[in-house]
Amino acid sequence: MARLTVLCGGLGGSRFADALVRAAGADAVTVVGNVGDDLEVHGLHVSPDLDTVLYTLAGLLDEERGWGVRDETYNARETAGRLGAETWFTLGDRDLGLHLVRTELLRAGVPLSAVFARLAERLGVGIRLLPASDEPVRTMLTTPDGELDFQTWFVRRRHADDVLAVRYEGAAEARPAPGALEAIAEADVCFLAPSNPFVSIGPILAVPGVADAVAERAGPVVAVSPLVAGKALRGPLARMLETLGHDSSALGVARLYEGLASAFVLDPADTGLAPAVEALGLEAVVTPVVIVDPAVRGEVGRAILDATVRA
Ligand code: FO1
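Keep in mind that this is a model prediction, so the values were computed, not measured.

The rules behind the values
Residues numbered from 1 in each chain as written. Predicted model: local features only at pLDDT ≥ 70, side-chain atom pairs only at ≥ 80, totals over all residues. Heavy atoms only, no water. Helix = DSSP H or I, 4+ residues; strand = E, 2+ residues; numbered from the N terminus. Buried < 20%, exposed > 50% of the residue type's maximum accessible area, 1.4 Å probe, protein only. Lys, Arg positive; Asp, Glu negative; His and termini not counted. Salt bridge = Lys/Arg side-chain N within 4 Å of Asp/Glu carboxyl O. Polar contact = N/O pair within 3.5 Å; in protein donor to acceptor, adjacent residues only side chain to side chain. Contact = heavy atoms within 4.5 Å. Pairing = 2+ DSSP bridges. Axes fitted to C-alpha atoms, helices over the stretch in contact; angles between N-to-C directions. Phe/Tyr/Trp six-rings, centres within 6.5 Å; stacked < 30°, edge-to-face > 60°. Lys NZ or Arg CZ within 6 Å of the ring centre and 35° of its normal.

**Student:** Which residues make up the side chain of Asp267, and what are the values?
**Tutor:** Topologically, Asp267 is positioned in the loop between strand S13 (263–266) and helix H12 (274–279). No salt bridge is formed by the buried Asp267; its nearest oppositely charged neighbour, Lys231, is found at 12 Å. A distance of 3.0 Å separates a polar atom in the side chain of Asp267 from the backbone nitrogen of Val289. Apart from the residues within four sequence positions on either side, Asp267 is in contact with Val228, Val286, Thr287, Pro288, Val289 and Val290.

**Student:** Describe in detail the sheet that holds strand S8 (residues 165–169), supporting the description with residues and values.
**Tutor:** The strands making up a sheet associate through backbone hydrogen bonding, with each pair oriented either parallel or antiparallel. Within the open sheet, the 3 strands sit side by side as S7-S6-S8. Their pairing is antiparallel. Among the strands making up the open sheet, the edge pair consists of strand S7 (146–149) and S8. Within the sheet, the average angular offset between the axes of one strand and its neighbour, ignoring direction, is 30°. Alignment of strand S6 (residues 138–143) against S8, held across 5 bridges, turns out to be antiparallel. If you follow Thr139 over to S8, its bridge partner there is Tyr168.

**Student:** Which residues make up unusual backbone geometry, and what values go with them?
**Tutor:** With a phi close to 55°, Asp71 is a non-glycine residue in the positive phi region. Along the chain, Asp71 turns up in the loop between helix H2 (48–57) and helix H3 (75–82). Among the residues examined, Asp71 registers a relative accessible area of 58% and is labelled exposed. Of note, the phi angle at Ala229 is positive, near 50°, even though the residue is not glycine. Along the chain, Ala229 falls in the loop between strand S11 (227–228) and strand S12 (231–232).

**Student:** Tell me what's going on with the packing of aromatic side chains, and back it up with residues and numbers.
**Tutor:** For any pair of aromatic rings, geometry is given as the distance between the ring centres together with the angle between the planes. Summed over the entire model, instances satisfying the criterion amount to 5 aromatic pairs. Taking 5.2 Å as the distance between ring centres and 70° as the angle between the ring planes, the aromatic pair formed by Phe16 and Phe191 counts as edge-to-face. On the criterion of sequence distance, the pair formed by Phe16 in helix H1 (residues 11–24) and Phe191 in strand S9 (residues 189–192) is long-range, its members being 175 residues apart. The exposure classification of Phe16 matches that of Phe191, with both residues buried. An angle of 15° between the planes, with centres 5.2 Å apart, marks the rings of Phe150 and Phe154 as stacked. A residue pair is termed a helical-turn pair when its members lie 3 or 4 positions apart in one helix, as Phe150 and Phe154 do in helix H6 (residues 150–156) at 4 residues. Ring pairs connect the aromatic residues Phe150, Trp153 and Phe154, which therefore count as one cluster. Cation over ring: Arg65 sits above Trp67, and NZ or CZ is 3.7 Å from the ring centre.

Here is the structure:
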């Protein structure tokens, strides 16, 4: 059985992890996930990206919306709003149950990685799900209106502000979660999921030791393009690349991974970029990367594995 480790963010990353699970089985997959967009809501710890991975693999995700639990209700939010609380970050009733349990465990001194191990087990998710760190790392974005934390920028202000710089608060003091560096070093293939390189993969790589573990691997490091024909399937990546001074294309993303990845997976829509990707010293692998529909994920995952386990 091939051992596959995936550095991943929220929706794109969770769909990619699901594709690998469908192709190779849950036992094969370890996720090292982003905690840079974690936040506290009503005193509860919320880990949106890792929760999205958890919900996707448990078959609970609201696939249309791309976050939270399907068949959700919002009674607690309505009460909180009526009582004067801020409700711009929506927590549904079912989702709230998870945040209550997680926060209780964290307050009792259980590290975030152990909390996720428990949540995954209880929800029947067979992969290993590790936060990049048990310590806080927070993605902060410089905009023309000042510096904003990720969720204020993304949800509250609907990512309307141009992003001029990105910083990962706390990263320099954070330690990788137990097992994360080993999972990266020992995997047969280490993937950089089709997630936003600045706000999903960046905060993981910023934890001391993680980028070195990826760069020093003897085996392949395969980055999967989060852009197809210059467009993100969802989210603000194309515009962020522009405002941060990069090429708004799969090639622009490949350049960010130069020296770190050994191969870069491009959608057939971007075949024309393959020679430029190869010129960066990355093997260009052209195969579909669109995994929105759960029905195609297994097939897409198998094709990516066939093309890259040997890369
Ligand atoms: N995204 C929104 O656009 N609005 C929300 O109110 C919102 C709530 C939310 C609650 C739990 C959760 O796990 C995710 C949630 N998201 C929401 C998604 C989240 O902000 C982002 O998609 C990720 O952080 C980006 O990867």
